[in-house]
Structures are given as structure tokens and as C-alpha cells.
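Observations on chain architecture
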Amino acid sequence: MKRLPGPMTLLSALLLSGCSPVSAVTTQTPPSPAKVVRTAKAADADPNLRLLQNKFRNAQRSAVTVVQLGDSHTAADLLTGELRTRFQQDYGNGGIGFISGTAVPGTRYDQVRITAAKSQWALTSARNQHSDRFPLGGYLSVAQTAGAHVHLEPTPPTDMRYRVSTLYQAASNNTLQARDDYTQMARPLPATNGEWRLSPAIGNLALPMDLTFASGQNLAVGGWNILAQNNSGVVFSTLGINGAQFSVVDKWQAGWLDTLKALKPDLLIIAYGTNEAFDDDLDLGLYESQQTQRIQQLRQALPGTVLLIVGAPDSIKNKGASGCQARQPRSLHGVIDSQKRVASQNRTLYWSWQAFMGGDCSINSWQAQDLARPDLVHFTKEGYIKVADGLYDYLASLIAPAKH
């Protein structure tokens, strides 16, 4: 199946949120986005919804974990950053969540900045590179020297204390040292025999911090899991790959579902579809059957987790074409319809991003309001915040229905 690299490679431009979008393409103005887009009553939705409601009711006593898998809309951590902020304002701050092992060009994290010397690490991405070792998340950082280290800086500054684990793969025993402005601690890292393992946490750490490995021999790092010391509130992890389709998970090393289980997600958000929509050669029947298979694998691995499929947003591919339908990506409607069917048949939650925007070609009116970028695919910071508000309202109406 042919994959087009085009629209989702523009994340670096997206992150320059100070740029002013140009005027929108002249077209018929679609309706304004709805406040809440609901596709199923709570009784007909995910079978684990009651468990999730109970988890949020008790969030002050035990942390609730949300994980989002997706493409560059996720990797930018603008939409997800706003969702994280809303959840943590309402239910408490459970920490930063899972992040990549080293900085990945074109991605960002809303609450932390990663820096590491390029001479100490070799980064490989599942987006457009090959490896048989990709971990959950699709970013592989291989140490090039003894004493390889990573520096984590909070954005903005915070006085929170954290428990930090690393997702690592090591052929021999190693040691991880963590140092902040107040203390220094170390944790032994046993050899993993070719598997990915989440290390025991080092607790009571403050940001900024430095994380250093004693040996770089046959060591790979897949990420860091940064949780609040008090084990309460909401943890929201974003695992986004610029340019990704849902099929990217097939490139991850067998066992990635075990790592996902170790993160203990109570809500898993699956937010792909834009890149599939831009694939003119997409076999929609094969796409739907493979999507169904992946959802069923997630159900089997995470039997107590609520799954949410976020439908593809509206977008424009052929700006100069005549008429709305001709301007849209050829596979957009097929992808959205498939996502709806898979959600319904597998009893997952579903939220229609396109319907929230206003329907077909609504991206034009969003761009006219400086909510979408000139590529008519990505959104401005303000646009992502608006989308996050709509998605949060939908989730909140299910999580705490008495309040909505």
C-alpha cells in the first residue's frame, strides 16, 4: 500500500505558532462547530466506561492514566497539551507521563523539554526508518558512549516531585543515576535479554534533572515515564509520530503491548486518519480489517481500559479544484466511515473531529478564523485548543454525566 509523506511532515511549521495564516480559500461557509459531538449513549458505549467513571471519582486517591496514540496532531502536544491541562485542573496533576528517550525533531512535550548531546545518542524513528527494535512509541535512542545522559527541564518551572522510570533494553547490567538540584540517586538496571523493560522508579525527584547511564554498551532507551510522587490526579501521555498511520504500530517490536500494559492506561485514545485519508491508493477494505484487528488486540491486552477512536479531522488536498468534494482527500470519507464502523462493532467510544468542525470543507472557515494553518491540514495553537475543548466536553459528559 502506497503511503504519501506529504501533509503530516509539516509539524515543524506548525510549532511556529506565531506565524499568521493567509486568507482562506473562498468557499461556502459551513456551520459553526458544535459544542459537544456525541455518537453513542453511555449505555451503548465502551463496556469499561463505568470503571473509568469510578476511577475519575477517586482520582484524588489513585492516579488515572490516559494514553494517546496518533500522528502529528498528537506529536505537537498542543491538542493533547490542552486536554492534559483540562484533566489536571479538574482532577489533579498526576505527572508528565511517558516521553521519548531523547529529543525528537519536529515533536514537543507541553510540560518538559528534553536535551541530550547528539554525540552520545543515535536516534531512529519508526516514521521513515527501519529497525527490528522499535519500542512502544516508535522512537529508539541508542547510547554511543559510556556516561550517556539526558537532561529534563520543566516547562514551565514547577516545584512538583516525581517518580521516574526508563524504558530500556540492555545486553548487560547497567546503572541509571538521577541527579536534581537537591539529591543524587542510582538504580541498577538488569540485562533484559533483548526485551524492553520499564525500570523500577527512582522517587522524590525534582525538575530540572539529569539522568546518566554508567555504561553505553548495547544500551537502548525507548522513553521515560514521569509520574507525580503522590500517585494521584491524571497522567496524560502522548505517543505521536509525525506522518504516521495506525499501521505504524506493526513496526514496533513484539512486546510493545506489554509495555503499554505496564503504563496501566485507564483510557486509550487512538487518533489517526489524516495520513490514511491522503493516501489515494488506500485499500479501504484492507484498512478496515486491519484497524479492526488492532482494536481487538488492544482489547485483549487491555481488558479493563476504555478505548476511544477519534475520527480524522476535515482537511483539503486539492486547493485549486472546483467544488468541495473535489478539494477533499480522496479517501477522507471512506476513512471516517470505517473508523465509525470499527468503533461501533467493537464497542469503543467514538468522537467525530470533522463533525465538530462543521462538516465537509469546514477547514476553510477554521483557517479564515486563524484556527487552521494555510496547509488546510494542521491547526494553529488556538485551533488545537478549540478542538481539545470540544473533545474534553465530550469525554467529561461521559466521565461525569451528572455534571453535564
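Quick caveat, the model's predicted, so the values are computed rather than measured. (Residues numbered from 1 in each chain as written. Predicted model: local features only at pLDDT ≥ 70, side-chain atom pairs only at ≥ 80, totals over all residues. Heavy atoms only, no water.)

Once that is clear, we can look at the overall build of the protein. Each helix and strand counted, the protein has 12 helices and 17 strands in total. Within the span of the protein, comprising 404 residues, buried residues form 56% of the whole. Summarising the internal contacts of the protein: among those between residues at least 6 apart in sequence, 80% fall at separations of at least 24. Only carbon and sulfur atoms are counted for the fraction: they give 48% of the accessible area of the protein, which is about 16,300 Å². (Helix = DSSP H or I, 4+ residues; strand = E, 2+ residues; numbered from the N terminus. Buried < 20%, exposed > 50% of the residue type's maximum accessible area, 1.4 Å probe, protein only. Contact = heavy atoms within 4.5 Å. Areas by Shrake-Rupley, 256 points an atom, 1.4 Å probe, with all protein chains shown as cover.)

In space, the five strands of this open sheet follow the order β3-β6-β12-β8-β9, with antiparallel pairing throughout. The outermost strands of the open sheet, each flanked by one partner alone, are β3 (112-115) and β9 (184-189). Geometrically, the sheet is characterised by an average inter-axis angle of 20 degrees between neighbouring strands, direction not taken into account. Where strand β8 (residues 174-180) lies against β9, six bridges are found, and the strand directions are antiparallel. Looking at β9, one finds that Arg179 is bridged to Gln184. (Pairing = 2+ DSSP bridges. Axes fitted to C-alpha atoms, helices over the stretch in contact; angles between N-to-C directions.)

Inspection of every chain in the model, using the stated rule, returns one disulfide. Each disulfide pairs two cysteine sulfurs, and for Cys324 the partner residue is Cys361, the sulfurs being separated by 2.0 Å. Looking along the S-S bond of the Cys324-Cys361 disulfide, the torsion reads about 110 degrees, which is the right-handed sense. Highlighted residues: Cys324 in helix α8 (residues 324-327) and Cys361 in the loop between α10 (353-357) and α11 (363-368), separated in sequence by 37 residues. Classification of Cys324 by relative accessible area gives partly exposed; the value is 25%. (Disulfide = S-S within 2.5 Å.)

The α-helix advances 3.6 residues per turn, and as a result positions three or four apart in sequence lie on the same side. The terminal C-alpha atoms of helix α7 (residues 284-301), which comprises 18 residues, lie 26 Å apart, in line with the 26 Å expected from a rise of 1.5 Å per residue. Among the residues making up α7, those that are buried are Tyr287, Glu288, Gln291, Thr292, Arg294, Ile295, Leu298, Arg299 and Ala301. Elements in contact with the buried residues of α7: α5 (256-263), β15 (267-271), α6 (274-277), β16 (306-310) and α9 (332-345). (Expected span 1.5 Å × (residues − 1).)

What follows is about helix α12 (residues 381-399). Here α12 spans 26 Å end to end across 19 residues, near enough to the 27 Å set by a 1.5 Å rise per residue. In terms of burial, α12 is largely enclosed, as 14 of its 19 residues are buried.

A separate point is the confidence of the model for the protein. This prediction gives the protein a mean pLDDT of 91; 88% of its residues lie at or above 70. Across residues 1-43, confidence stays below pLDDT 50; counting only partners more than four residues off in sequence or on other chains, it has 100 contacts. (pLDDT = per-residue confidence, 0-100.)

Turning next to the environment of Asp360. Secondary-structure assignment places Asp360 in the loop between α10 and α11. Sequence separation between Asp360 and Arg327 is 33 residues; the distance between their C-alpha atoms is 10.0 Å. One polar contact links Asp360 to Gln328, side chain to side chain, over a distance of 3.2 Å. (Polar contact = N/O pair within 3.5 Å; in protein donor to acceptor, adjacent residues only side chain to side chain.)

Evaluation of the coordinates by the stated rule reveals 10 salt bridges. For the salt bridge of Asp393 with Arg86, the shortest nitrogen-to-oxygen distance reads 3.8 Å. A residue pair is termed long-range when its members are at least 10 positions apart, and Asp393 in helix α12 and Arg86 in helix α4 (residues 79-91) qualify at 307 residues. Between Arg108 and Asp110 there is a salt bridge, and its shortest N-O distance comes to 3.1 Å. According to the relative accessible area criterion, Asp110 is partly exposed, its value standing at 24%. (Salt bridge = Lys/Arg side-chain N within 4 Å of Asp/Glu carboxyl O.)

Our focus in this paragraph is the packing of aromatic side chains. In this structure the tally under the stated criterion is 13 aromatic pairs. Measuring from centroid to centroid gives 5.7 Å for Trp366 and Phe379, while their planes differ by 85 degrees, and the two rings are edge-to-face. Taken together, the positions of Trp366 in helix α11 and Phe379 in the loop between α11 and α12 put the pair 13 residues apart, joining distant regions of the chain. A relative accessible area of 1% means that Trp366 is categorised as buried. Each residue in the set Trp351, Trp353, Phe356, Trp366, Phe379 and Tyr384 is aromatic and connected to the rest through ring pairs, giving one cluster. (Phe/Tyr/Trp six-rings, centres within 6.5 Å; stacked < 30°, edge-to-face > 60°.)

Before going further, it helps to spend a moment on the packing of α7 against α9. Look at α7 against α9: their axes get within 10 Å of each other, and the N-to-C directions meet at 35 degrees. Once α7 is placed against α9, the crossing between them reads as right-handed. Contacts between α7 and α9 involve Leu284, Tyr287, Glu288, Gln291, Thr292 and Ile295 on the former and, on the latter, Gly334, Val335, Ser338, Gln339, Arg341, Val342 and Gln345. Each residue belonging to the contact of α7 with α9 can be placed in one class, and the counts come to five nonpolar, six polar and two charged. (Left-handed = near helix turned anticlockwise from the far one by under 90°. Nonpolar A, V, L, I, M, F, W, Y, C, P; charged D, E, K, R; others polar.)

Regular strands place their side chains on alternate faces of the sheet. Of all five residues that make up strand β2 (residues 95-99), five are buried, and the element is covered over most of its length. Summarising the sheet, β2 and strand β13 (residues 219-228) pair through four bridges and their orientation is antiparallel. In the strand pairing of β13, Ile99 is matched with Trp224.

So, about the nonpolar core. Ranked by size, the top nonpolar core spans 45 residues in total, and within it Phe87, Tyr91, Leu308, Trp351, Trp353, Phe379 and Leu395 carry the most contacts. Considering each element in turn, this core owes the most residues, 10 residues, to α12. Not counting residues up to four positions away in its chain, the partners in contact with Tyr91 are Phe56, Ala59, Gln60, Gly233, Val234, Tyr392, Ile399 and Ala400. Counting residues in hydrophobic clusters, the runner-up holds 42 residues, among them Leu239, Leu263, Tyr272 and Leu307. (Core = buried A, V, L, I, M, F, W, Y, C linked by side-chain atoms within 4.5 Å.)

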